[in-house]
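Notes for the structure review
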Amino acid sequence: MTDARVEEPRPDPATGPGEAELAEAGLRLDVDGAIATVTLNRPERRNAMTFATWRGLARIGESLPEGVRVVVVRGEGPSFSAGIDLGMFSGGAGSAFPDGSDAAASDRFIAELQAGYTWLRRPEIVSIAAVHGHAIGGGFQLALACDIRVIADDTRFCMKEPALGLVPDLTGTKPLVEIVGVNRALELCLTARTVLADEAARLGLAEHVVPRETLDTTVAEIAAAVLAVNPGAAAATKRLLLAAPGNTLDEQCAAERHEQIGRLREFFGAAKA
Ligand code: ACO
C-alpha cells in the first residue's frame, strides 16, 4: 500500500451528500429549520467510523444550509460511537491507510479527515454533542469537537488511540487540553482509561449530565435557547470565546472592542440608514 492511493477525486462542495453517500458513510442528516441533526448511524457496529464517515461529516459541513444555526451530533443505538472501525486495520471497511512514506500526501489525507470535525467550531453555528453509552477514540474526539456536550448518565469516554499505537489526530487534543489541562489529558490518553459520566462532569468534559431518557429533550431545550439569541451576537461571541485562550488580555480586549463595534453598527447603523 503506498501513499499514491490516497489521492481520490473530490466531490463538489456546493452539492450536499446524497442519501446513498450518507448511508455509505454510516450517517443520517435531518434538517429541521435552523437545526441540523447529524446521526452516527451504524448501530450494529456501535457507530464505528470509517474514512467515509469522516469525509461524509466534512461534506455535511461544507454544504450545510445557510439558515442552520444549531448542529446536534448524536448516535443511534446503544453507543455514541466506538471510534474507528477496527476492521480498517485488517483491510476491511473501505480502508486505504497511507503508509506515511509520502509525508505530504499523508498529511493531506489526515487533514481531509480532520475537516469532518473542524467545521463544528464555525462561529455561525453552535454544535451540541448528545452523547450516550460509549464514546471511544474518534467518537470521544467528535464530542470534543462540539461546542457543548450534553451527556447521558451512561456515558463512557475513552481516548484509546495511544493504546492502539496511534495518536488522537481528529482534532481532539486541543479541546481536551483546554478543558482538563495538560496533566489530566496526559493521564487520560496514556492510560486509555474510561471516564464515566460523573467524572466527565467534574472534569468539565460535559456541560450537562442527564438521565438517558431525557437526553433528547434536554438537547432540544438547549437548541431552542440558542436559537432565541440574536444570530450576529451569537457568532461574534463564539468568535471571541474561541479566540480567548490564545490571546493576551490586551489582544482579547481589542477583539472585544472590534466585535462590539460590529454589533453597534448593526444596531445604530441600521437605525440611521
Ligand atoms: N470497529 C468495528 N466494529 C465494532 C467496533 C469498532 N470500533 N466496536 C464495536 N464493533 C462491533 C463488534 O465487533 C460487534 O460486532 P458483531 O455483532 O459482529 O460481533 C458489534 O459492534 C457490537 O459490539 P459489542 O462489543 O458486542 O457491543 P458492546 O455494547 O458489548 O461493547 C464497545 C461496545 C465497548 C464499544 C466494544 O464493542 C468495543 O470495545 N469496541 C472497540 C472500541 C475501540 O477500540 N475503538 C477504537 C478506538 S481508537 C480510534 O477511534 C482511533
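Check the entry above for the structure.
Nothing here was measured: the structure is a model prediction, and the numbers come from that model.

1. Considerations on the sheet that holds strand β1 (residues 27-32)
- Across the sheet, which stays open at both edges, the 6 strands sit in the order β1-β2-β3-β4-β6-β9 with mixed pairing between neighbours. If you trace the sheet from one side to the other, it starts and ends with β1 and β9 (208-210), each paired once. On average, adjacent strands in this sheet sit at an angle of 20° to one another, irrespective of strand direction.
- Pairing of strand β3 (residues 70-75) with strand β4 (residues 126-131) involves 5 bridges; the strand directions are parallel. Bridge assignment links V72 to a residue of β4, and that residue is I128.
- This element, helix α4 (residues 138-145), spans β2 (35-40), β3, β4 and β6 (148-152) of the sheet and lies at about 140° to β4.

2. Side note on the pairing of β3
- Along β3, 6 of the 6 residues are buried, which leaves the element largely enclosed by surrounding structure.
- Burial of β3 is two-sided: the residues V70, V72 and R74 facing one way and the residues V71, V73 and G75 facing the other way are all buried.
- Bridge count for β2 against β3 is 6 bridges, and the pairing is parallel. Opposite T39, over in β3, you have R74 as the bridge partner.
- Handedness of the β2-helix α2 (residues 51-62)-β3 crossover: right-handed.

3. Points about a nonpolar patch on the surface
- Together, L86, F89, L164 and L166 make up a nonpolar patch on the protein surface, roughly 370 Å² of accessible area in all.
- Looking at where L164 falls in the secondary structure, it is placed in the loop between β7 (156-158) and α5 (173-180).
- Residue classification places L164 among the partly exposed residues on the basis of a relative accessible area of 43%.

4. Comments concerning a negative patch on the surface
- The grouping of D153, D154, D198 and E213 at the surface amounts to a negative patch.
- Tracing the backbone through its elements, the reader meets D153 in the loop between β6 and β7.
- The partly exposed category is assigned to D153, whose relative accessible area is 48%.

5. Things to note about the packing of α2 against helix α3 (residues 103-118)
- Across the interface, α2 lies against α3 with an axial gap of 6 Å and an inter-helix angle of 60°. The orientation of α2 relative to α3 falls into the category oblique. Seen from above, α2 lies across α3 with left-handed handedness. Within the contact between the two elements, α2 uses F51, W54, R55, L57 and A58 and α3 uses F109, E112, L113, A115, G116 and Y117.
- Taken together, the residues of the contact of α2 with α3 sort by class into 8 nonpolar, 1 polar and 2 charged.

6. Details of the site of the ligand
- Within the structure, the ligand sits among 16 residues, and R46, A82, I84, L86 and G138 are positioned closest to it.
- One of the backbone N or O atoms of E44 is found 3.3 Å from an oxygen atom in the ligand.
- K160 is positioned such that a nitrogen or oxygen atom in its side chain is 3.1 Å from an oxygen atom of the ligand.
- Relative to its unbound accessible area of 930 Å², the ligand is 64% covered by the protein chains.
- Here the residues of the shell around the ligand sort into 6 nonpolar, 4 polar and 6 charged.

7. Describing α4
- Most of α4 is tucked away: 8 of the 8 residues are buried.
- Looking at α4, one finds that the buried residues are G138, G139, F140, Q141, L142, A143, L144 and A145.

8. Remarks on helix α8 (residues 215-227)
- In this model, α8 (13 residues) spans 18 Å end to end at C-alpha, consistent with the 18 Å of a helix rising 1.5 Å per residue.
- Among all positions of α8, only L215, T218, V219, I222, A223 and V226 are buried. The arc enclosing the buried residues of α8, seen along the axis, measures out at 135°, which places them on a common side.
- Here the buried face of α8 lies against β2, β3, β4, β6 and β9.

Reading guide: rules and limits
- Residues numbered from 1 in each chain as written.
- Predicted model: local features only at pLDDT ≥ 70, side-chain atom pairs only at ≥ 80, totals over all residues.
- Heavy atoms only, no water.
- Pairing = 2+ DSSP bridges.
- Helix = DSSP H or I, 4+ residues; strand = E, 2+ residues; numbered from the N terminus.
- Axes fitted to C-alpha atoms, helices over the stretch in contact; angles between N-to-C directions.
- Contact = heavy atoms within 4.5 Å.
- Buried < 20%, exposed > 50% of the residue type's maximum accessible area, 1.4 Å probe, protein only.
- Right-handed = clockwise from strand over helix to strand, strands pointing away.
- Patch = residues over 30% accessible without salt bridge, like charges linked within 9 Å, V, L, I, M, F, W, Y side chains within 5 Å.
- Areas by Shrake-Rupley, 256 points an atom, 1.4 Å probe, with all protein chains shown as cover.
- Salt bridge = Lys/Arg side-chain N within 4 Å of Asp/Glu carboxyl O.
- Lys, Arg positive; Asp, Glu negative; His and termini not counted.
- Charge placed at Lys NZ, Arg CZ, Asp CG, Glu CD.
- Parallel < 35°, antiparallel > 145°, perpendicular 65-115°, else oblique.
- Left-handed = near helix turned anticlockwise from the far one by under 90°.
- Nonpolar A, V, L, I, M, F, W, Y, C, P; charged D, E, K, R; others polar.
- Near = heavy atom within 4 Å.
- Polar contact = N/O pair within 3.5 Å; in protein donor to acceptor, adjacent residues only side chain to side chain.
- Expected span 1.5 Å × (residues − 1).
- Arc of directions from axis to C-beta.

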